[in-house]
Amino acid sequence: MTAKLELKRLAKAFPRGSEPPLEVVRDFTLEIRNLEFLSVIGPSGCGKSTLLRLIDGLILADSGRILMDGRDVTGVVGGEGRGMVFQSFDLFPWRTTRGNVEFGLEVAGAGKAERRERAEHYIRLVGLEGFEDAYPHELSGGMQQRVGFARALAIRPEILLMDEPFGALDVQTRDILQDELLNIWSTEQKTVLFVTHSIEEAIYLADRIVVISPRPARVERIIEVPFDRPRHERIKSLPEFLQLRQEIWSLLKEGVKI
Amino acid sequence: MTPTRKLMLQLSGIAIVLLMWEIAGRIMGENLLAAPSIVAVTYVELLLDGEMLIELLNSLRQMILGFGAACLVGMPLGALMGRSRLIDALVHPWISMIVVTSVAALVPIFMMLFGTGFEFRVAIVFVATIGYVVLTAYHGARGIDPKILDVARSFGTGRIDTYRKVILPALFPYLITGARLGLVHAIRAMVVAEMFVIVGYGGLIFQTGLDLSTAPILGYLVTIMVVSIGANVALQRVGDRVAPWYAARMAR
């Protein structure tokens, strides 16, 4: 398998007035394989969201390079084959479901007919037919995040960056959306970089898990997830699952200083 | 509190004051303070006479020009101030000065600059309004959720599209609020300016102040209040219609 995305010695520190700058990411190197589902897990505040924002170009790295299919996308803001799903959904409240999904196509200059058609496809894919003309405030949290998925997918990104997309949802909705995400991933052929702080979620979804050390974020360990696909809810109670979960937990615990 | 109960209380509040006013009016007499009952009768006469409404419409036309110009200049200016520190630093002191300045104090200078005609009234209304429009747009623009701007950037949205498709719609509720606030001040400024040069509706109020009875002048005040409140409610309705997402959020 070839590398879809290469992170080479990324570093980021935030200035803090008179105090020394806060190092959030240091010497971060990672290869993300084409079409794999990669979970990034670490304690909260470890810099994993910052990592995602660096990849999407929302913040600039102090040093290091980001290569996508070998081409340099370091410092390129948004777009360029990257689609991002945000933790707090962050839909545009003044746009309907359709309007939100069409946004990325609109600013990319796609024609009206094409926008419409593609939006309809992805709205159907995330199961929101009938809610095309609803505003975000008329939708539940789970439905809002479905719009968030469709909005990111509509620009046909090669890599989907997901920043704790289920973090703001209740457990049941979370479980349902996890399965739907896996379905979408299997039909849409995407490379997924999925940031989470839930160990169970990371194992259930991913091919590989990157465990991150807390600030400054560095790769602590990369774990291959041994379960076959399609996956079902029941693997969560398998002994291997629980063992893997325990293993990751002890890795995380070492790093956590309360 | 249920809406009906609230309405009943509001009406009762008005009724109590009207009653006290009626008693005071009967004691003090019509040339000091006309009682509501007398004002009501006079008011019907004023309506039928037509002069009040004609003067009002003339004045409102000029007011709308000044108000519209203030919105056209003030809304983009406020938005830019909220998004650019450079522009904010350059312009903010002037806006602060304009907002605290009394319109009446500006009248003598404006009379020298613009005469006493059409330009004078438009200019006074413009200056009285623009500060409020700018400041509400400014605070709206500063308060835009940075996360929503991140979404725009994440999709590689260009500068112009970010303004048109993200900042402007996010600002919309503030623009409506600014317009409502500005409109109240525009109408006030219109009356004040006209009272100085004795033209239009303000002039009518000024001249009537010299009459023996206070009933007509109170009638004129009622009309201008109705216009001001009515315009305000209308603007709010327009805002709710055009921005249903905002109305729903506020209703929560």
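*Asks:* Help me understand the overall build of chain B in this model?
*Replies:* The secondary structure content of chain B amounts to 11 helices and 0 strands. Reading chain B from its N end, one meets helices and strands in the order α-α-α-α-α-α-α-α-α-α-α. Over its C-alpha atoms, taken along the principal directions, chain B stretches across nearly 70 × 55 × 30 Å. Expressed as a percentage of its 252 residues, the buried residues of chain B come to 42%. Put simply, of all contacts in chain B between residues at least 6 apart along the chain, 71% involve residues at least 24 apart. A total accessible area of about 14,000 Å² is found for chain B, and carbon and sulfur atoms account for 70% of it.

*Asks:* Would you mind going over the overall build of chain A with me for this structure?
*Replies:* Secondary structure assignment for chain A yields 7 helices and 10 strands. Its C-alpha radius of gyration of 18 Å places chain A within 12% of the 18 Å reference for a compact globule of 258 residues. Dimensions along the principal axes, computed over C-alpha positions, put chain A at roughly 50 × 45 × 40 Å. Counting the 258 residues in chain A, one finds 55% classified as buried. Carbon together with sulfur atoms contributes 49% to the accessible area of chain A, which is approximately 11,300 Å² in total.

*Asks:* What's the story with helix α4 (residues 141-154) of chain A in this structure? I'm lost.
*Replies:* Owing to its 3.6 residues per turn, the α-helix aligns residues three or four sequence positions apart on the same side. Residues and elements named next belong to chain A. Between its first and last C-alpha atoms α4 spans 20 Å; for 14 residues at 1.5 Å apiece the expected length is 20 Å, and the two agree. Counting buried positions along α4 gives 13 out of 14 residues, so the element sits mostly inside the fold. At the C-terminal side of α4, Arg 156 shows a positive phi close to 50°.

*Asks:* Teacher, can you tell me more about the domain arrangement of chain B here?
*Replies:* Where interface size is quoted, it is often the accessible area lost as the parts come together. Residues and elements named next belong to chain B. In terms of domains, chain B is made up of domain 1 (1-31) and domain 2 (34-251). For domain 1 versus domain 2, the separation of C-alpha centres amounts to 29 Å. Each partner contributes to the interface: domain 1 provides 8 residues, whereas domain 2 provides 11 residues. Between domain 1 and domain 2 lies a buried interface of about 730 Å² when both sides are counted; carbon and sulfur atoms form 59% of it. For domain 1, the biggest contributors to the area lost against domain 2 are Trp 21, Glu 22 and Glu 30; these three give 68% of the whole. On inspection of domain 1 and its partner domain 2, the count reaches 4 residue pairs in polar contact (both at pLDDT 80 or more). Within the side of domain 1 that touches domain 2, the residues separate by chemical class into 2 nonpolar, 3 polar and 3 charged.

*Asks:* Would you mind showing me how to read the interface of chain A and chain B here?
*Replies:* Between chain A and chain B, the contact holds 26 residues from the first and 20 residues from the second. Here chain A meets chain B over a buried area of about 2,000 Å², counting both sides, of which 65% is carbon and sulfur. Area buried by chain A at its contact with chain B is led by Trp94(A), Val107(A) and His137(A), which between them contribute 31% of it. The tally of links between chain A and chain B comes to 3 salt bridges. Asp150(B) serves as the salt-bridge partner of Arg53(A), at 2.9 Å between the closest nitrogen and oxygen. Here chain A is connected to chain B by 7 residue pairs in polar contact (both at pLDDT 80 or more). Mapped onto the side of chain A that touches chain B, the elements with two or more residues apiece are α1 (48-56), β6 (82-85), α2 (97-107) and α4 of chain A. Sort the elements by how many residues they give to the side of chain A that touches chain B and α2(A) lands first, with 4 residues. Of the residues in the side of chain A that touches chain B, the class split is 13 nonpolar, 6 polar and 7 charged.

*Asks:* Looking at this structure, how should I read the packing of helix α3 (residues 51-83) of chain B against helix α10 (residues 215-242) of chain B?
*Replies:* Helix-helix packing is characterised by the crossing angle of the two axes and by the distance between the axes. All names here are of chain B. At a minimum axis separation of 12 Å, α3 and α10 run at an interaxial angle of 45°. It follows that α3 is oblique to α10 by the angle criterion. For the pair α3 and α10, the crossing hand works out as right-handed. Touching Met 52, Leu 56 and Leu 60 of α3 are Tyr 220, Thr 223, Ile 224 and Val 227, all from α10. Looking at the contact of α3 with α10, its residues break down into 6 nonpolar, 1 polar and no charged.

Analysis parameters
- Residues numbered from 1 in each chain as written.
- Chains lettered and ligands numbered in written order.
- Predicted model: local features only at pLDDT ≥ 70, side-chain atom pairs only at ≥ 80, totals over all residues.
- Heavy atoms only, no water.
- Helix = DSSP H or I, 4+ residues; strand = E, 2+ residues; numbered from the N terminus.
- Buried < 20%, exposed > 50% of the residue type's maximum accessible area, 1.4 Å probe, protein only.
- Contact = heavy atoms within 4.5 Å.
- Areas by Shrake-Rupley, 256 points an atom, 1.4 Å probe, with all protein chains shown as cover.
- Rg over C-alpha atoms; globule rule 2.2 N^0.38 Å.
- Expected span 1.5 Å × (residues − 1).
- Domains from an automatic or database assignment.
- Buried area = accessible area lost by both parts, 1.4 Å probe.
- Polar contact = N/O pair within 3.5 Å; in protein donor to acceptor, adjacent residues only side chain to side chain.
- Nonpolar A, V, L, I, M, F, W, Y, C, P; charged D, E, K, R; others polar.
- Salt bridge = Lys/Arg side-chain N within 4 Å of Asp/Glu carboxyl O.
- Axes fitted to C-alpha atoms, helices over the stretch in contact; angles between N-to-C directions.
- Parallel < 35°, antiparallel > 145°, perpendicular 65-115°, else oblique.
- Left-handed = near helix turned anticlockwise from the far one by under 90°.

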